[in-house]
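Working through the structure, step by step
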Amino acid sequence: MSESDAPEPESPASSEEAKENALLFGVWDVSEMEYTDPSMSRYIKATPIAHTMGRHASKQFQKSEISIVERLINRLMQTEDNTGHKQKTSKIVKDAFEIVNERTEENPVQVLIRAVENAGPREETVRLKYGGISVPQAVDVAPQRRVDEALKFIAQGTLSGSYKTTTTAAEALAQQLIGAADYDVQTYAISQKEEKERVAEAAR
């Protein structure tokens, strides 16, 4: 094969266009997501890549550059059954997204973003010591921590909803996402957020 027959390298413009046209799980378009909370929008990234091979793991706070879908997958892996099973957990999220789309007729990534915005507590308590006495004090929650807490509540709600029941993990996750997106206080993630804020309000 001569040099003249060699394929031309992909131009930057065409690679950028391909990136923009890429779909999450080959199905969902994430190019036009809407954010209702300006403070959290910086920390909620929607990209078509659901597995970055841990490229941001060694850098502090670089997790905010990872897709919110991959962060959800990573959070769901922090259980006894799913630890280290990224492909298995990715399939759970993929199936849950299909259920969400069937029930809401919305883009499930948009539903996830709305769920994270709703489930992130705005206020929590810390313990301050005054002369050996521990006193709770209400503090504002940083936007990045709000995202972390929201993902934690959604993952915990998924586990509690599917553990030792006939409900599948994908079904439980779909219920959490839809409930949190609609701000249903019966949903585990929203109830935990409300509880945190209630305790903080009492400690003002």
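In what follows, the accompanying structure is described. Note that the structure is predicted; figures quoted are calculated from it, not measured. The residue numbering used here restarts from 1 in each chain and proceeds along that chain's sequence as written. The predicted nature of this model means local features are confined to residues of pLDDT at least 70 and side-chain atom pairs, given and counted, to a pLDDT of 80 or more, with totals for whole chains, interfaces and linings taken over all residues. Only hydrogens and water are set aside; all other atoms, that is, all heavy atoms of the structure, feed into the side-chain values.

What follows covers the overall build of the chain. Per the convention used, a helix needs a DSSP run of H or I reaching at least four residues, while a strand needs a run of E reaching at least two, with both numbered from the N terminus. From N to C terminus, the chain includes eight helices and two strands. For the chain, the α and β elements follow one another from N to C terminus as α-α-α-α-α-β-β-α-α-α. Type-normalised accessible area, obtained with a 1.4 Å probe on protein chains alone, sets the label of each residue: buried when under 20%, exposed when over 50%, and partly exposed for intermediate values. For the chain, with 204 residues in total, the buried portion stands at 40%. All accessibility values rest on the Shrake-Rupley procedure with a 1.4 Å probe; residue burial counts only the protein chains present in the view. Summing over all exposed atoms, the chain offers an accessible surface of approximately 12100 Å²; the carbon and sulfur share of this is 48%.

This paragraph deals with a nonpolar patch on the surface. Two joining distances apply to patches: 9 Å for like charges and 5 Å for nonpolar side chains (Val, Leu, Ile, Met, Phe, Trp, Tyr), and every residue must have over 30% relative accessible area and no salt bridge. Put simply, a salt bridge is a Lys or Arg side-chain nitrogen that is within 4 Å of an Asp or Glu carboxyl oxygen. Together, Val126, Leu128, Tyr130, Ile133 and Val135 give the surface a local cluster of nonpolar side chains, amounting to about 420 Å² of exposed area. Here the nonpolar patch gets three residues from one element, more than from any other, and that element is strand E1 (residues 123-130). Along the chain, Tyr130 falls in strand E1. The exposed category is assigned to Tyr130, whose relative accessible area is 52%.

Now for helix H5 (residues 108-119). Residue pairs spaced three or four apart in an α-helix point in one direction, given the helix's 3.6 residues per turn. With twelve residues, H5 extends 16 Å between its outermost C-alpha atoms, agreeing within 8% with the 16 Å of an ideal straight helix rising 1.5 Å per residue. Among the residues of H5, Pro108, Val109, Gln110, Val111, Leu112, Ile113, Ala115, Val116, Glu117, Asn118 and Ala119 are the ones counted as buried. When checking whether two residues touch, look at their non-hydrogen atoms; a contact exists if any pair is within 4.5 Å. Lining the buried residues of H5 we find helix H2 (38-41), helix H3 (68-76), helix H4 (86-104), helix H6 (143-162), helix H7 (169-181) and helix H8 (188-202). For the purposes of these results, a polar contact is taken to be a pair of N or O atoms within 3.5 Å, where, inside protein, one atom must be able to donate a hydrogen and its partner to accept one; residues adjacent in sequence count only when each atom of the pair is a side-chain atom. Its side-chain oxygen at 3.0 Å from the backbone nitrogen of Val109, Asn107 defines the N-terminal cap of H5. To estimate the expected span of a helix, subtract one from its residue number and multiply by 1.5 Å.

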